[in-house]
Amino acid sequence: MRIGIYPGSFDPVTFGHVDIILRSSKMFDLLIIAVLNNNVKKPLFSAEERVELIRQVTKNMRNVSVEAFDGLLIDFVKKKNASTIVRGLRAVSDFEYELQIAQTNHKMSSDIDTVFLTTSLEYSYLSSSIVREIASYNGDISKFVPKEIIPSILAKYNKSLD
Ligand code: PNS
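Residues numbered from 1 in each chain as written. Predicted model: local features only at pLDDT ≥ 70, side-chain atom pairs only at ≥ 80, totals over all residues. Heavy atoms only, no water.

Gly8, Ser9, Leu36, Lys41, Phe69, Gly71, Leu72, Leu73, Arg87, Tyr97 and Asn105 make up every residue found near the ligand. Separating an oxygen atom of the ligand from a side-chain N or O atom of serine 9 is a distance of 2.6 Å. Leucine 73 is positioned with one of its backbone polar atoms (N or O) 2.8 Å from an oxygen atom of the ligand. In isolation the ligand exposes 550 Å². Once the protein is present, 74% of that is buried. (Near = heavy atom within 4 Å. Polar contact = N/O pair within 3.5 Å; in protein donor to acceptor, adjacent residues only side chain to side chain. Areas by Shrake-Rupley, 256 points an atom, 1.4 Å probe, with all protein chains shown as cover.)

Okay, structure coming up:
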């Protein structure tokens, strides 16, 4: 069974992430979305909330599951008996950081590889931080995130759809 791991902060999940999830899920028998539970970076959503939002968005995807992890990604990948990490690349500016963590992970565990999918052009500008910024000013985020999670995002800023 081929298991792929798609890790990230997903704070919150965006259409850019969904694009990578849809495309990479076709490459594996099981794609596990691994949500970083990071104590250092203070996220808008708790890890449990981020997992729940992604579950809502992926509920019709049969071979996709969602879990939180903390500690090293490579340890989570091994625990899940996976051998491939998936990351999305939006622009050249992503590349340097991604190359560094992919090579570090490969150095720590040489039987685990990272594959990169280039984000679809229509989402190449998009990031979770942009979504948080727009939502904080009560802007329309419907072009950036799936509609079912919009109320949860607005609620964080004490805003509502009306
Ligand atoms: O969505 P992000 O914030 O770009 O995702 C970054 C992530 C979660 C892939 C990365 O920070 C990560 O793997 N963190 C866990 C700690 C780790 O294993 N770091 C890589 C070795 S330096």
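With that out of the way, let us pick up the sheet that holds strand β2 (residues 30-36). A sheet is described by the order of its strands in space; here five strands give the open sequence β3-β2-β1-β4-β5, paired in parallel fashion. The open sheet has two edge strands, β3 (64-69) and β5 (113-118), and neither has a second partner. When the angles between neighbouring strand axes are averaged without regard to direction, this sheet yields 30 degrees. The pairing of strand β4 (residues 84-89) with β5 spans six bridges and is classified as parallel. Its bridge partner being in β5, glycine 88 is matched across the sheet by leucine 117. (Pairing = 2+ DSSP bridges. Helix = DSSP H or I, 4+ residues; strand = E, 2+ residues; numbered from the N terminus. Axes fitted to C-alpha atoms, helices over the stretch in contact; angles between N-to-C directions.)

Turning next to a nonpolar patch on the surface. The grouping of Val92, Phe95 and Leu99 at the surface amounts to a nonpolar patch, some 280 Å² of accessible area in total. You can see valine 92 is positioned in helix α4 (residues 92-108). Relative accessible area serves as the criterion here: at 72%, valine 92 is assigned to the exposed category. (Patch = residues over 30% accessible without salt bridge, like charges linked within 9 Å, V, L, I, M, F, W, Y side chains within 5 Å. Salt bridge = Lys/Arg side-chain N within 4 Å of Asp/Glu carboxyl O. Buried < 20%, exposed > 50% of the residue type's maximum accessible area, 1.4 Å probe, protein only.)

Attention shifts here to the side chain of serine 127. For serine 127, the position within the fold is in the loop between β5 and α5 (128-136). Classification of serine 127 as buried rests on a relative accessible area of 15%. A polar contact of 3.1 Å, which involves the side chain of serine 127, links it to the side chain of serine 129.

Counting across every chain of the model gives four aromatic pairs. Taking the centre distance of 5.4 Å and the plane angle of 35 degrees together, the rings of phenylalanine 69 and phenylalanine 76 count as tilted. Exposure remark for phenylalanine 69: the relative accessible area of 7% places this residue in the buried category. According to the relative accessible area criterion, phenylalanine 76 is buried, its value standing at 5%. (Phe/Tyr/Trp six-rings, centres within 6.5 Å; stacked < 30°, edge-to-face > 60°.)

Among all positions in α5, only Ser128, Val131 and Ala135 are buried. For α5, the arc enclosing every buried residue in end-on projection is 60 degrees, short of the 170-degree limit, so these residues lie on one face. Next to the buried residues of α5 lie α1 (15-25) and α6 (150-156). A positive phi of about 65 degrees marks asparagine 138, the residue just after α5. (Arc of directions from axis to C-beta. Contact = heavy atoms within 4.5 Å.)

With respect to the helices and strands, the residue tyrosine 157 is situated in the segment after α6. For the pair tyrosine 157 and alanine 135, spaced 22 residues apart in the sequence, the C-alpha separation amounts to 7.3 Å. Those residues within four positions of tyrosine 157 in sequence are excluded, and the remaining contacts are Leu44, Arg132, Ala135 and Ser136. Polar contacts involving the side chain of tyrosine 157 include one to the main-chain carbonyl oxygen of arginine 132, which spans 3.3 Å.

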